[in-house]
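# Topology and contacts: notes
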Amino acid sequence: MDTDVEGGAGRGVVVVGAGPTGLLLAGDLATAGVPVTVLEKRPHRISNLSRAFAVHARTLEQLDARGLADELEAAGEPLTRLGFFGRLRIDLSELPSRYRHVLVIPQYEVERALERRAVAAGVAFRYETEVTGLTQDADGVTVLASRPDGRTERLRAAYVVGTDGMRSTVRRAVGLPFPGRSVIRSVVLADVLLAEQPPSLLTANAVGDAFAFLAPFGDGYYRVIGWHRRHDVPDDAPVDLAEIKEITRLALGRDYGMHDARWMSRFHSDERQAPSYRVGRVFLAGDAAHVHTPAGGQGMNTGLQDAANLSWKLAAVLHGRSDPALLDTYQFERHPVGRTVLRSSGGIIRLAMAKHPWSLAAREAFATLLSAVPPLRRKVTSQITGLGYRYPAPRGAHPLTGRRAPDIALTRHTRLYEALRDGHFVLITPGRYAGTRPANLTVDEWRGDRRTTLLVRPDGYVAWAYDGEDPGETERAVREHVGAAA
Ligand SMILES: Cc1cc2nc3c(=O)[nH]c(=O)nc-3n(C[C@H](O)[C@H](O)[C@H](O)COP(=O)(O)OP(=O)(O)OC[C@H]3O[C@@H](n4cnc5c(N)ncnc54)[C@H](O)[C@@H]3O)c2cc1C
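Described in the following lines is the structure provided in the data block. (Residues numbered from 1 in each chain as written. Predicted model: local features only at pLDDT ≥ 70, side-chain atom pairs only at ≥ 80, totals over all residues. Heavy atoms only, no water.)

Under the criterion given, the structure shown has eight aromatic pairs. Plain terms: the ring middles of Trp312 and Phe425 are 5.4 Å apart, the flat faces sit at 85 degrees to each other, and that makes the pair edge-to-face. With Trp312 in helix H7 (residues 299–318) and Phe425 in strand E22 (residues 425–429), the pair connects residues that are 113 residues apart, well separated along the chain. The burial state of Trp312 is the same as that of Phe425; both residues are buried. (Phe/Tyr/Trp six-rings, centres within 6.5 Å; stacked < 30°, edge-to-face > 60°. Helix = DSSP H or I, 4+ residues; strand = E, 2+ residues; numbered from the N terminus. Buried < 20%, exposed > 50% of the residue type's maximum accessible area, 1.4 Å probe, protein only.)

Shown next as structure tokens:
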């Protein structure tokens, strides 16, 4: 059976995998008017395998730009301090963001909101449909998928994005390796009820060979993650609550009377990154492109940022507003971020697992340095929260180019992240703008007397900035970045 993703080859996108990365990407593409089909091997139900529980400030800003942050904020628990290695505290209350905290909320709540948005935008979902391979040519990609009735379907699309997680079939189909290594093995996870409440919102500690972490989901359940260095068994070894309780007691001093686990699992954590996020018309995003340890709560957050970076570029190219070369910037911009996240989460886990005197000393030195040197602390905080990433800018560009745009107060739309909700570029001017207004451009004015003209990309990064007063310069930038087509 052959299916063209609406409109025939050359127009639509197939997204493989309905995890958070695929859901955000598909919702963005459909909002931008691109025909998009999501293929997901799971049956259609909300997975209870809630893995991520931390949504960082930059991700909250991206969700705000899609009108989803308020409902998630209402459902989760804000945490204004992060604790590492027993004594190091990172205060988030002064973050330069509307979101001065990390939001503790189960991953499935984020997925639920993203799926609802994608459905409303017109994404076609095919559940119980497993992608088994693909081939590509100059005009498009042919995806092979096995359907619930056992038949094989062939879908044709202009582009395919593999958001199919760590064991990505798409990655393998395009022949990309996934170099790296296993970092920690035999980590046990459970969602449990507690008889006693822990003293703080997030509780983590390591004693001797045991490490444990507790975080609330807001629905009465707590996520417990435990690891014991000497208990190294395969992922498919059965898990029971007694093992988790014992590790928790060793690491935290008590098990808080945990009972009634609704879910338990054992996993190992790898650090891997694909050398390229693109082969021809096929892209990788999220865990399909990079995986790392859960330390720092970065995985889902990084995948969502990948999706936000790629979606508007694919839409611009498919609508003929941008040259396909724009798609190369996905690799230039996101691959280095993935590498940094791998390094930082790997660093946190290695320091947390420190056992030998020299590594314990290194951990102490690092914690002391961070406590004593505010610029270093700010750098680490801006990386963990995702607020500090900056994309490469062309030589000679305005210093703001490539930087994250903060939530600027505007005249008509109140603030920038509200203005971004249409998925368009936003031009912010000091005065009235009389130039070209392509359909995908929102124009607004600074509230206050700032003189810089800013062109903000749909993903909230500065595409172009200008301190002069020549309207011709702004007009040229709009044509170059936004495109003149209606
Ligand atoms: C214990 C733990 C704690 C974590 N905590 C955090 C945290 O606090 N914050 C954070 O940001 N991240 C965290 N993470 C990481 C986070 O869960 C992942 O990074 C995130 O789920 C990745 O999203 P994704 O959409 O890229 O991939 P996935 O969520 O893996 O989704 C991939 C989807 O593709 C589907 N699929 C796979 N193969 C195929 C195929 N061939 N055909 C069709 N469909 C297919 C799968 O069924 C799945 O639905 C944690 C992870 C773990 C294990």
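A separate point is the site of the ligand. Every one of the 32 residues lining the ligand counts as a neighbour, but Glu40, Arg51, Asp287, Met300 and Asn301 are closest to it. One of the backbone N or O atoms of Ala54 is found 3.1 Å from an oxygen atom in the ligand. Residue Gly297 places a main-chain N or O atom 3.2 Å away from a nitrogen atom belonging to the ligand. Its free accessible area being 1000 Å², the ligand has 92% of it covered by the protein chains. Those elements giving two or more residues to the shell around the ligand turn out to be helix H1 (20–31), strand E10 (130–136) and H7. For the shell around the ligand, the element with the most residues is H7, which contributes three residues. A class-by-class count of the residues in the shell around the ligand yields twelve nonpolar, 13 polar and seven charged. (Near = heavy atom within 4 Å. Polar contact = N/O pair within 3.5 Å; in protein donor to acceptor, adjacent residues only side chain to side chain. Areas by Shrake-Rupley, 256 points an atom, 1.4 Å probe, with all protein chains shown as cover. Nonpolar A, V, L, I, M, F, W, Y, C, P; charged D, E, K, R; others polar.)

The subject of this paragraph is the pattern of salt bridges. Within this structure, the stated rule accounts for 31 salt bridges. We note a salt bridge from Arg185 to Asp232, for which the minimum N-O separation is 2.9 Å. Taken together, the residues span a long stretch of sequence, with Arg185 in strand E14 (residues 180–193) and Asp232 in the loop between strand E17 (222–228) and helix H6 (241–252) at a distance of 47 residues. Here Asp328 ties to Arg278 by a salt bridge, and the two come within 2.7 Å at their closest N and O atoms. You can see Asp328 sitting in helix H8 (residues 328–352) and its partner Arg278 sitting in strand E19 (residues 278–279), a full 50 residues away along the chain. Overall, Asp328 belongs to the partly exposed group, its relative accessible area being 36%. In the salt-bridge network here, residues are joined through shared partners; they are Asp64, Arg98, Asp407, Arg415, Glu418 and Arg421. (Salt bridge = Lys/Arg side-chain N within 4 Å of Asp/Glu carboxyl O.)

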